[in-house]
Amino acid sequence: MYERILVRYGDLTLKGKNKKVFVERVNQLIREKVNNPHVKYEKNHDRLYIVLNGEHHEEIIASLDKVSGLSSYSFISKTSRDMESIKAKALEVVQGELGDKVVTFKVETKRADKTYPLQSPEISKEIAGHVLRNTETLLVDVHNPELTLFIEVRHHGAYLYCNKMKGMGGFPVGVAGKGLLMMSGGIDSPVAGFLAMKQGIEIECIHFESTPLTSIESAQKVIDLTEKLSHFAPKNKINLHMVPFKELHEQLLEYVPEAYNITIMRRMMYRISEQIAAKHRCLVLINGESVGQVASQTLQSMVAINDVTTMPVLRPLVTYDKLDIIDISNKIDCYDISVKPFEDCCTVYVPKKPTTSPKVYRCEYYETLFDYKPIIDKAVRDTKTFVIEAGSSRDITLEGFTIAEIPPKLTIPKE
């Protein structure tokens, strides 16, 4: 019945002189995600029509669900502009939606071509009458209908549809620049990465692995989570930077008082992340912190931790409740991975009484107790980058990392 999918850009149409850049970017992402040589694309001002050419629409819609910058989309049928053709197509579309259901119904018409001889209310009235005369399960309700037939009369034809599916919204990923996501194996950071991409930020990920102080499975979790995010990324790929953190982790456990351990650890991670970000042309750091959620996420802790970097830090989850975060985690298929019981270096040695109001001067003093700078330099040098591609996470193992018992699957990509 439906030959096309109508794609709406939403807020992209408000971008003024930059509108063309945004629209071209989202069209490029659509082609990448759909990746089907048989479908065709018809551009028309602020819309895009995907001509299915017999391809399965379910697969196309699943691909569009991974494209940021889309307001909504609809299955749509096209016919010529004469009223008899519109009537015939309207009846076909409505009957295809109905089945045997009894529903309330109305017609809404948009006359984009103002030279068309009939006005919108006249078109709606005539089409509704024809549909009602030729069906037995429709009742008219112009205020709260269960089924609405939308008709758009344009210069090059009439378009009809009954459904409107919500898109991701936001802006096309990559149009805002690139950020470095501090990726743990928990629930929050993958959701923060997704929300950043939804707002147009392309991401690379950084993870601090500390095997054997932490399990190799915790690093595999991060690979699997990055793979889930790669479905939303340009070209379905994300760079994951694995930082060997064991030596620095051991120094922290030996020299830093327990109450300040997590705070100093986070300061070290920020120092390393800033260097990796600069090396890979990332403009900002991104993390999954939400104010007050744990001891290291109080405002006082954030101030003490941020003190070591001049790079902007984005916290997309700062106003989110945990249940909202979990809901998004489920939607992006990350939750079941995130809750696997393998802890990273921020959670495996949680202090019994971590400070919630750390002082910068105390942090600076505790950092004088060991020579961390050469260890940081070495960690940056020894960081290994994996290219995580959608569908490939289980082809990746951590060969060359600090423990010998490694799943025999992948090799590190060549430089």
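Model, not experiment: these values are computed from the prediction.

(A) Region of the structure containing the overall build of the protein. Broken down by element type, the protein carries 13 helices and 15 strands. Expressed along its principal axes, the backbone C-alpha trace of the protein runs to roughly 85 × 45 × 45 Å. Put simply, the protein shows about 19,600 Å² of open surface, and 51% of that area lies on carbon and sulfur atoms.

(B) Spotlight on the UniProt feature "binding site: ATP" (unreviewed entry) in the protein. Here, the residues flagged by UniProt with the feature "binding site: ATP" (unreviewed entry) are Met182, Met183, His207, Phe208, Arg266, Gly288 and Gln297. If you trace the backbone, Met183 turns up in the loop between β10 (178-182) and α5 (188-198). Take Met183: its relative accessible area is 3%, and that puts it in the buried class. Inspection of the secondary structure assignment puts Arg266 in helix α8 (residues 261-279).

(C) Molecular detail of the packing of helix α7 (residues 246-255) against helix α13 (residues 373-381). Interaxial distance between α7 and α13 falls to 9 Å at its minimum, and their mutual angle equals 155°. Considering the angle they form, α7 stands roughly antiparallel to α13. Together, Glu247, Leu248 and Gln251 of α7 and Ile375, Ile376 and Lys378 of α13 make up the contact between the two elements. Classifying every residue of the contact of α7 with α13 gives three nonpolar, one polar and two charged.

(D) Structural detail: the nonpolar core. Among the nonpolar cores identified, the biggest contains 76 residues, and Ile5, Leu64, Ile127, Leu149 and Ile203 are the most heavily contacted of them. Formed jointly, this core draws a minimum of three residues from each of two domains, domain 1 (4-166) and domain 2 (178-398). Residues Ile206, Val243, Met269 and Ile305 belong to the second largest nonpolar core, which totals 33 residues.

(E) Structural view of the domain arrangement of the protein. One can read the domain layout of the protein as domain 1 (4-166) and domain 2 (178-398). If you average the C-alpha positions of domain 1 and of domain 2, the two centres end up 43 Å apart. Summed over both sides, the interface of domain 1 with domain 2 buries roughly 580 Å², with 47% coming from carbon and sulfur. When the area that domain 1 buries against domain 2 is broken down by residue, the three leading residues are Glu32, Lys33 and Lys66, summing to 65%. At the boundary of domain 1 and domain 2, one finds zero salt bridges. In this structure, the connection of domain 1 to domain 2 is made through four residue pairs in polar contact (both at pLDDT 80 or more). Broken down by class, the residue content of the side of domain 1 that touches domain 2 amounts to one nonpolar, one polar and five charged.

(F) Layout of unusual backbone geometry. Positive phi outside glycine occurs at Asn53, with the angle close to 50°. Its place among the elements puts Asn53 in the loop between β3 (47-51) and α2 (57-64). Taking relative accessible area as the criterion, Asn53 reaches 47% and is therefore assigned partly exposed. Unusually for a residue other than glycine, Asp333 sits at a positive phi of about 65°. Secondary-structure assignment places Asp333 in the loop between α10 (322-331) and α11 (335-338).

(G) Summary view of the packing of aromatic side chains. All told, the structure shown has nine aromatic pairs when counted by the stated rule. Following the ring pairs from residue to residue traces out a cluster consisting of Tyr255, Phe370 and Tyr372. The ring of Tyr41 has Arg31 sitting right over it, with the charged end atom 4.5 Å from the ring centre. Between Lys164 and the ring centre of Phe150, over which it is positioned, the NZ or CZ distance is 5.8 Å.

(H) Focus on the sheet that holds strand β15 (residues 384-389). The strand order across the open sheet built from six strands is β14-β13-β10-β11-β12-β15, with neighbouring strands paired in mixed fashion. Each end of this open sheet is capped by a strand with a single partner; those strands are β14 (313-314) and β15. Pairing of strand β12 (residues 237-244) with β15 involves six bridges; the strand directions are antiparallel. Paired with Ile238 across the bridge in β15 is Ile388. Along the sheet face, α5 touches β10, β11 (202-209) and β13 (284-286) and points at about 170° away from the line of β10.

(I) Focus on helix α1 (residues 19-34). The end-to-end C-alpha distance of α1, which contains 16 residues, comes to 22 Å, matching closely the 22 Å that a straight helix rising 1.5 Å per residue would cover. Within the sequence span of α1, burial applies to Phe22, Val23, Arg25, Val26, Asn27, Leu29, Ile30, Lys33 and Val34. In this structure, the buried residues of α1 make contact with β1 (4-8), β2 (40-44), β3, α2 and α6 (216-230). Asn35 sits one or two positions beyond α1 and adopts a positive phi of about 45°.

(J) Expanded view of α8. Under the 1.5 Å per step criterion, the end-to-end length of α8 is 27 Å for 19 residues, consistent within 8% with the ideal 27 Å. Extensive coverage of α8 is indicated by the burial of 16 of its 19 residues. Of the residues trailing α8, Arg281 is marked for its positive phi of about 60°.

Definitions and limits used
- Residues numbered from 1 in each chain as written.
- Predicted model: local features only at pLDDT ≥ 70, side-chain atom pairs only at ≥ 80, totals over all residues.
- Heavy atoms only, no water.
- Helix = DSSP H or I, 4+ residues; strand = E, 2+ residues; numbered from the N terminus.
- Areas by Shrake-Rupley, 256 points an atom, 1.4 Å probe, with all protein chains shown as cover.
- UniProt positions renumbered as here; feature names shortened; annotations may be inferred.
- Buried < 20%, exposed > 50% of the residue type's maximum accessible area, 1.4 Å probe, protein only.
- Axes fitted to C-alpha atoms, helices over the stretch in contact; angles between N-to-C directions.
- Parallel < 35°, antiparallel > 145°, perpendicular 65-115°, else oblique.
- Contact = heavy atoms within 4.5 Å.
- Nonpolar A, V, L, I, M, F, W, Y, C, P; charged D, E, K, R; others polar.
- Core = buried A, V, L, I, M, F, W, Y, C linked by side-chain atoms within 4.5 Å.
- Domains from an automatic or database assignment.
- Buried area = accessible area lost by both parts, 1.4 Å probe.
- Salt bridge = Lys/Arg side-chain N within 4 Å of Asp/Glu carboxyl O.
- Polar contact = N/O pair within 3.5 Å; in protein donor to acceptor, adjacent residues only side chain to side chain.
- Phe/Tyr/Trp six-rings, centres within 6.5 Å; stacked < 30°, edge-to-face > 60°.
- Lys NZ or Arg CZ within 6 Å of the ring centre and 35° of its normal.
- Pairing = 2+ DSSP bridges.
- Expected span 1.5 Å × (residues − 1).

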